Structure formats: C-alpha cells, structure tokens
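# Observations on the three-dimensional arrangement
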Amino acid sequence: MDNYPTSGKIAAKTGPIARVATPSPLPYSLDYRLTEPLIDGKIPVIGARVKIQLGRRYAIGFIESFAETSTFSSAQLKPISALVDQSPLLPYDLWKLCHWAARYYQHAFGLVLQKAIPVLLRGGQVAKLDGKQFATATPAGRADDALDLLSRAPKQAELLIQLTATRCSMAGISERKQQAALRELRTKGLAELIEAPPTPPEAGVGTHPAPQLNTEQQSAANRLKQAITAEKFAPTLLEGITGSGKTEVYLAAISEALANNKTALILLPEISLTPQVIARFRERLTVPMLVLHSGLNDNQRLTGWLQAREGLAKVVIGTRSAVFTPLPDLGLIVVDEEHDTAFKQQDGLRYSGRDLALVRGQLLEIPVVLGTATPSLETLLNAQQQRYSHLQLTERPGSARPPAMQVVDIRGQQLQGGLSTSANNSIRQHLASGGQVMLFLNRRGFAPVLMCHGCGYCAECDDCDSRYTFHQRDGKLRCHHCGHQRYVPGKCPDCNAELKTHGQGTEQLEQVLADQFPDVQSVRIDRDTTRRKGSLESKLESIRSGEARLLIGTQMLAKGHDFPELSLVVMVDADQGLLAADFRGSERFAQQLVQVSGRAGRAERPGEVVIQTHRPQDPLLQILLKEGYSAAATKLLTERKTACWPPYAAVALLRAEASSLETAEAFLLEAAKLIEHQDLSLAGPQPAPMTKRANRYRAQLLVQANDRKVLQKHLASRLQQLHQLPGAARWSIDVDPADLY
Ligand code: ADP
Ligand code: ZN
C-alpha cells in the first residue's frame, strides 16, 4: 500500500514477483512472475491492471504489491500476460476505500476493485477518454499553390477547400468518396487529423436563482461551509422534517465547495424515481454535472467515469455505486435520505453506500452530510454520542405546515376495496376542494391471496414458500419472489369450487377508486405500471400538471417527491408495517409513516394524513403521532440496547443455500464450529424465514459481537478456512445486514 504511485510519481523498485488482486472469491492475492525484459517495454506499477491467466481463462487483475520471493517456485508461477495500464487506474483514495471495503465486508479485494470500475474496464479496455477527431488542412494544404496540385482530383480539391475554411468532424465525412479523398489529402500532407480535448459532461443550466434561505437553513449551510473550508473530516447529520428544504442546504454547501475549486459527490437512494431532484440540481448549478443513473449503457458509463477521473465533472450525482466514482479534489459528499435501505447492496459485495461514503470522507478529510427526515438508528446514535455533528431543520419554508394526522380504527368496519367510509369521505372532501390525494399501499397486484371458498386451497408458488399474487388485468398468478407466473385456474384444482381473492393490492384499489370517483383521473405507480421506459416520467408529469388527482402507489411514490397540490395522504394498511417481523421492522415502519405523510401539505394547501389500522393503540403508532419521529426513534434505540441489537452490537449474517435444507444447514454447522469464539455469540444454523425460494433451500447463521472491530477481526481470521469448507452449498457473508430475510 505504501508504494502506491500517486500522480506523476512512479515507484521504480519492483520485485520479480507481482502479487495480483484477481477477480476470484478467494480472500488473498495470487503471485505472478514478471518476465524480463519487461513486457512491451512498460514498467509495471502498483494499482495498474494486468492481464493474467486465472485457472483456464484469462482475466484482468490489479497489481497489489511486488515481492522478492514467493512460496511457489518460479517454474510454478505463471507469468503476467500483459500490462494494461501504465499508471494506477484508481486514485489512491479509491484504492484505499476498496481495500477497506474488502476487509470490512469480508470480500476479495480483487472483486471489490472490479465492482468499483465500469464493466468495460473490467474487460481490459484502455482507460483513455477519446476526444472527438476532426480533419483539418495542414499549413501546406493552406498554401496558395495547394489547389494547383489537385487540378485533376476535383473531390480532393473540394474537400480541401472545405477543410481550409473550417475543421470537419469525422461524422461529417461519411461518404465513401469523401473518405477516400481525405486519405489522399493526408498522404499528400495537405490534410491531417486532430483530436479535440475530451468534452466534459453536460453543464447545468443555472436558470433558477437560489431562494432566500430561512434562518435554520442558513445556519446549517454556514456550518457546512465552514467544514468545507476547514478541510477536515466532518460527518454531519442534517435532520430536517420532510419539506424543510434540505436540498437547498445541500446546494448551498455544493456551491461553497465549487467556489473553493472542489468537486462534490451526491448519493441518492434511487435516481429514476425522482427525476425532479436531478432537474432541480440542473436548474441551479452551472458546472458540468455527471448523473449516473441506471439507464446508461456500458459506453456511457465508461465515458462518465473517465470524465470524472480527469476532473471534467464537477458534480457527480448517483446511487450507491457512485461512491466509487474517482473525483479529483473531492471536497464534499452528500448522502440524501441516508436511512434508505437502497444504500445497502443486497448481493455480491454487500456494502452500504452510506457507510463507504463516510469512510471515503475520512480518508480524504472532507465533510460528509447525511440528510434525512428520519435518521437511521445507527446515524442517530452516532449523533447522540457526538461522533457526528447534528444540524436540524424543524419547519417548512413559507406557509407550508406539517400535515395533521388522523388514525382510523377499522376494526369491525365494512371496508370497500380496503377503504373505510371515513377515509372515503376525506378523499371526497379533498378532491372537492381541488387538492390531490395519494393512497399508499405497499402491495402491487390485485390481491395477495387466491383461496378456494369450498376447501381452503391456496394458490402457492411451487418453487418458493410463498403465495401467488393475483394479477387481474392479465389474468395471471405471479410469485413476487421468484417471478414465476401461470394462468389463473377457473376453479379450485382440488375440489372444483369457486376461488376468491383475499386482501387488496394497488391494482384493486385503482379499480375501486375508479368506480367511486369516475370523473377523477387517477394514476397508479408501482413496478407493474412503470416497466416501460418513460412511463414513470409521464405518470409523474401527469401528477405535476394536476391532470391526475388520485394517486395510488407503493413505496415508489412514497419517497422524495414534492407535489405541491397534494393535500391528503391515505395509508391504506398500516398494519402491514406494524406487524413486520424483522428486527428493523419497527424502525422501517416509523420511517415509512413519516416519509409517506411528508408528501402532504408541502405548499400552501394544508395537509392531512389518514392512517387505517386494526391496531390504533399500538405504542409505536401512538408515540409517532403524539411525539413524532425523534421520540419514537429514541424509544426504539432503548429497545435495541436492551436486546443487544445494532447499533449497540455488530452483526453479520452467514447465508447458505443449496438444493436441500440439510446441505445448507450442514455447511453452516461446520462454519459455526470454525467461527465459534468467546467474543462472539452465534444463533443458528436455522432455516431462513423464507426457507425455499426459487427452488433453493436457504439457511442462516447469525454472528453477533459487541462491536464492529471484534466482529471484523474474527470473521477475517476464519475467512480462508470458510472458503475451504467442503459441501455443495452456495454461501455469502452479509456484514451489517439490512434485514435478516
Ligand atoms: P426536503 O428535501 O427537506 O423534503 P425540499 O428541499 O424538497 O425539502 O424542499 C421542499 C420545497 O420547499 C421545495 O419545493 C423547495 O423548492 C421549497 N423551498 C426550500 N427552501 C426554500 C426557501 N428557503 N424558500 C422558499 N422555498 C423553499
Ligand atoms: Zn416463487
């Protein structure tokens, strides 16, 4: 690590052996021989990509260090096949970040490095940003007598005249004959190709001036500006109620960073859901902005990454993986909606984008802002223990006020499509006074259960421990866990009696509302209605334009949106969240309730929230309504402390899956024997809460320690042996799991 060549400095000392971080799951690097004379006359450096033979295939790895000796003899070692880069591919802070991630998440360094770079670079493509090529006339081509030489080549003469007047992009010389003419002109020394410097990503338009910040926003912005100029690691929780204008505070801080010739990185949970947020950044900033969204193809991704690395992007906005974007002079990282579990990667390298943002901030000694209305318990505890500074925004700007909350006790009530009379009346009232209404139901499809009225048969997925969801529009039963689908049987396959649905999904809710409010246009936003490209954008637009006034949606509609005319939010089934079984279930519910409610009353129209539940006296619900999120979070923190759960303990989940439960559990039993230690407490092996999924049986082992360092140390010390355990199970380690499912 110490020999990492920082810009311009190339470490001359190399050994005859290169340790290479390879794209293999094994938790150590492999030795390769550096042949003499050096390949292609290039000097190998730490951090450069190399082509190597890995098993029977060729792969791209990174030189991690050099060594004089190896435990293998020179004859046993394979040579490095080719040097891909002549300098380190990643800036030093990212290299170190990857190293940290590998150790913390118990993942092979080589795989972390792969994760950190665009797909095309993983394949060995040259890391160079190509400028656009132009053809132009040379001085000889511009000389007075140049055209005389071409009296018998009219095509060439024509092109030369053109190239003397102006340079011409290669796309402009598309005709065969013209291309031939250009070749001739170049051979004659009359024309040449020049490369323009690479272009930066598109700049923001800066059409909107910043609003006058209110006192709280201003003081939060000032604190962040100080932190930026101080050039110190400054983790900061910006806790601002929904609609309090956190984005304006970010923008003020970003402007300060830019004014100091620094760049800024903004991480969002999901970009595609909130195109509006990006639009706001574009309206306000005038610097080149790189937006890393999921719609980019491999080439665009590579270009963006290289633009960032070359310092051409001044602001980068992206989802969790954008934490790996190389950015010279990075001066500020913002993590918006830091509590959102979308920051946690759920497969492969199971990292938290938020936590890596903090690590990167620490490595670079810069401020990291975690913004949210509903801080995660982890972040809240850090703020309480003064490891993070804590800034607060407690009011909405202008005349906007937080919404009034109302609980509707639906026990014993007649519901129509899941809606109580009282909720129905509220909807009617708000529509009559010109407001928009949002119904939140986190369950897509028509109904979650299709059951036989005669014998109680339930339509269940063959491959999972799960029921099929009934989708009426296309007459299908779908498993939401494995994607399996089939046509709805007309009658019960067991007794031939009639099949009936139970419960409601968004598809049904949409129909019920269409019946009751036939004159009001509605829009449903869930994964089923937004599959087609552009459909989410057009739906959001119909909300913003006021065309659609009844909005039905899952969590896709619950986050981050700012709809000024939205005055009523109905939480159709709060029980779903209140009964969640996971250890983070209550925290999730509290965050969801506050976030969903926060969509109402964001401008002049006063907002109202109606919460339907069978458990109106639920203590968590009560405390949320009476005292708000902070009080609820404090109560949840106390419970976590008593139960020794994160953030008061560190946990990792070892998951295994196989074609039988026995195989999966047998692996974990061996793993448990290996890991066992007095500093750790183990729970399991036990079947996963959803044991069978997509025809695989899943089991898990929970490993718990008092703190992260202890957990990390013990896992790391056993990792190699874990990889050597026999058995046919596929397994993974999830450090700081988002949930235990
Ligand atoms: P948050 O992200 O905290 O939920 P936003 O940043 O989306 O809130 O701001 C909510 C609304 O208030 C937006 O429409 C924004 O333009 C507006 N807003 C924010 N700050 C101000 C301000 N100081 N003056 C006027 N309007 C503001
Ligand atoms: Zn299934």
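Conventions and cut-offs
- Residues numbered from 1 in each chain as written.
- Chains lettered and ligands numbered in written order.
- Predicted model: local features only at pLDDT ≥ 70, side-chain atom pairs only at ≥ 80, totals over all residues.
- Heavy atoms only, no water.
- Helix = DSSP H or I, 4+ residues; strand = E, 2+ residues; numbered from the N terminus.
- Rg over C-alpha atoms; globule rule 2.2 N^0.38 Å.
- Contact = heavy atoms within 4.5 Å.
- Areas by Shrake-Rupley, 256 points an atom, 1.4 Å probe, with all protein chains shown as cover.
- Lys, Arg positive; Asp, Glu negative; His and termini not counted.
- Charge placed at Lys NZ, Arg CZ, Asp CG, Glu CD.
- Phe/Tyr/Trp six-rings, centres within 6.5 Å; stacked < 30°, edge-to-face > 60°.
- Buried < 20%, exposed > 50% of the residue type's maximum accessible area, 1.4 Å probe, protein only.
- Lys NZ or Arg CZ within 6 Å of the ring centre and 35° of its normal.
- Donors = N, O, S within 2.8 Å, 3.2 Å for Na, K, Ca; no water.
- Tetrahedral: all angles 85-135°; square planar, octahedral: opposite > 155°, others 65-115°.
- Near = heavy atom within 4 Å.
- Polar contact = N/O pair within 3.5 Å; in protein donor to acceptor, adjacent residues only side chain to side chain.
- Nonpolar A, V, L, I, M, F, W, Y, C, P; charged D, E, K, R; others polar.
- Salt bridge = Lys/Arg side-chain N within 4 Å of Asp/Glu carboxyl O.
- Pairing = 2+ DSSP bridges.
- Right-handed = clockwise from strand over helix to strand, strands pointing away.
- Domains from an automatic or database assignment.
- Axes fitted to C-alpha atoms, helices over the stretch in contact; angles between N-to-C directions.
- Disulfide = S-S within 2.5 Å.
- Core = buried A, V, L, I, M, F, W, Y, C linked by side-chain atoms within 4.5 Å.

### Thoughts on the overall build of the protein chain
Along the protein chain, the regular secondary structure elements total 21 helices and 30 strands. What you see for the protein chain is a C-alpha radius of gyration of 30 Å, in line with the 27 Å of a compact globule of 741 residues. Expressed along its principal axes, the backbone C-alpha trace of the protein chain runs to roughly 95 × 65 × 60 Å. Considering only residue pairs separated by 6 or more positions, the protein chain has 76% of its internal contacts joining residues 24 or more positions apart. By element, 48% of the accessible surface of the protein chain is carried by carbon and sulfur atoms, the whole surface being about 33500 Å². The distance from the centre of the 85 positive side-chain charges to the centre of the 75 negative ones in the protein chain is 3 Å.

### Comments concerning the packing of aromatic side chains
On inspection of all chains with the given rule, the structure shows nine aromatic pairs. With 4.7 Å between their ring centres and 15° between their planes, Trp100 and Tyr104 make a pair best called stacked. With Trp100 and Tyr104 both in helix α1 (residues 92-104) and four residues apart, this pair spans about one turn of that helix. Residue classification places Tyr104 among the buried residues on the basis of a relative accessible area of 5%. Three or more aromatic residues joined by ring pairs form one cluster here, namely Phe62, Trp95 and Phe109. We note Lys51 situated over the ring of Tyr58; from NZ or CZ to the ring centre the distance is 4.9 Å. Stacked on the ring of Phe134, the Lys or Arg Arg167 has its end atom at 3.8 Å from the ring centre.

### Quick word on the coordination of the zinc ion (ligand 2)
Here the zinc ion (ligand 2) is held by the protein donor atoms Cys461 (SG), Cys464 (SG), Cys479 (SG) and Cys482 (SG), which lie 2.3 to 2.4 Å from it. Around the zinc ion (ligand 2) sit four donor atoms, and with donor-metal-donor angles ranging over 106 to 115° the site reads as tetrahedral. Mapped onto the polypeptide sequence, the residues donating to the zinc ion (ligand 2) form the spacing pattern C-x2-C-x14-C-x2-C. Classification of Cys479 by relative accessible area gives buried; the value is 2%.

### So, the site of ligand 1
Neighbouring ligand 1 are 17 residues, the closest being Gln212, Gln217, Gly243, Arg280 and Asp562. Measuring from an oxygen atom of ligand 1, one finds a backbone N or O atom of Gly245 at 3.0 Å. Burial of ligand 1 by the surrounding chains reaches 75%, relative to a free accessible area of 560 Å². Per-element accounting of the shell around ligand 1 gives the leading share, three residues, to helix α8 (residues 246-259). The residue makeup of the shell around ligand 1, split by class, is four nonpolar, eight polar and five charged.

### Description of the pattern of salt bridges
Opposite charge on two side chains permits them to pair, given that their charged atoms come into close proximity. Taken as a whole and judged by the stated rule, the model has 32 salt bridges. Its salt-bridge partner being Arg640, residue Glu587 comes within 2.7 Å of it at the nearest N-O pair. A residue pair is termed long-range when its members are at least 10 positions apart, and Glu587 in helix α17 (residues 585-597) and Arg640 in helix α19 (residues 629-643) qualify at 53 residues. For the pair shown, Glu587 and Arg640 are each scored as buried. With a shortest N-O distance of 3.0 Å, Arg655 and Asp734 are connected by a salt bridge. Of this pair, Arg655 sits in strand β27 (residues 650-658) while Asp734 sits in strand β30 (residues 730-735), placing them 79 residues apart in sequence. The class of Arg655 is buried, set by a relative accessible area of 14%. Put simply, Glu338, Arg354, Asp355, Arg708 and Asp736 are held in one network by salt bridges that share partners.

### So, the side chain of Arg599
Within the secondary structure, Arg599 sits in the loop between α17 and β26 (608-613). For the buried Arg599, no salt bridge exists, and the shortest N-O distance to an oppositely charged side chain is 5.3 Å, to Glu337. Setting aside anything within four residues of it in sequence, one finds Arg599 in contact with Thr242, Met438, Leu557, Ala558, Lys559, Gly560, His561, Phe563, Leu566 and Val569.

### Comments concerning the pairing of strand β23 (residues 522-525)
In this structure, β23 lies alongside strand β24 (residues 550-553), joined through four bridges in parallel fashion. Each residue of the ladder has a partner; that of Val523, found in β24, is Leu551. Each parallel crossover has a hand, and for β23 linked through helix α15 (residues 535-544) to β24 it is right-handed.

### Overview of the domain arrangement of the protein chain
If you check the domain split of the protein chain, you get domain 1 (17-122), domain 2 (133-195), domain 3 (215-393), domain 4 (404-447 + 503-639) and domain 5 (650-735). Domain 2 and domain 4 are separated by 65 Å when their C-alpha centres are compared.

### Looking at the sheet that holds strand β2 (residues 30-33)
Pairing is antiparallel in the open sheet, where five strands are placed in the order β2-β1-β4-β3-β5. The open sheet terminates on both sides in strands that have one partner only, identified here as β2 and β5 (82-83). Pairing of strand β3 (residues 49-54) with strand β4 (residues 57-67), which is carried by six bridges, proceeds in the antiparallel orientation. By the bridge assignment for β4, Ile52 is matched with Ala59.

### Considerations on the side chain of Thr529
Along the polypeptide, Thr529 turns up in the loop between β23 and α15. Thr529 sits in the buried class, given a relative accessible area of 18%. Within the local environment of Thr529, its side chain forms a polar contact with the backbone oxygen of Arg524, the two atoms lying 2.8 Å apart. When sequence neighbours within four positions are dropped, the list of residues in contact with Thr529 reads Arg524, Ser535 and Lys539.

### Details of unusual backbone geometry
Cis geometry is adopted by the peptide bond preceding Pro647, which originates at Pro646 and carries an omega value of 5°. Relative to the helices and strands, Pro647 resides in the loop between α19 and β27. A positive phi is found at Glu365, a non-glycine position, where the angle reads about 55°. Position of Glu365 among the secondary structure elements: in the loop between α11 (353-364) and β14 (367-372).

### Brief notes about the sheet that holds strand β16 (residues 404-409)
Here six strands make up an open sheet; going across it, the order is β16-β26-β25-β17-β24-β23 and the pairing parallel. Two strands bound the open sheet, and with one partner strand each, they are β16 and β23. Here the strands of the sheet are splayed against their neighbours by 15° on average, with no regard to which way each runs. Sheet topology places strand β17 (residues 436-440) next to strand β25 (residues 566-571); five bridges connect them, and they run parallel.

### Thoughts on the environment of Ala650
Note on placement: Ala650 falls in strand β27. In this view, Ala650 contacts Val703, Gln704, Ala705, Asn706, Asp707, Arg708 and Leu711; residues no more than four positions away in its chain are not counted.

### Notes on the state of the cysteines
For the structure on display, the rule yields zero disulfides. Cysteine Cys452 is unpaired, with the sulfur of Cys495 as its nearest cysteine sulfur at 3.5 Å. On the accessibility criterion, Cys452 (4% relative accessible area) is buried.

### Looking at the nonpolar core
Inside soluble globular proteins, nonpolar side chains tend to come together where they are buried. Ile80, Leu90 and Phe324 are the most contacted members of the largest nonpolar core, which totals 89 residues. Ranked by residue count, the leading element in this core is helix α20 (residues 661-675), at eight residues. Look past the residues within four positions of Leu90 in its chain and what remains in contact with it is Tyr4, Trp95, Cys98, Leu113, Ile117 and Trp305. In this structure, Leu578, Leu620, Leu621 and Ile623 belong to the second largest nonpolar core, which totals 42 residues.

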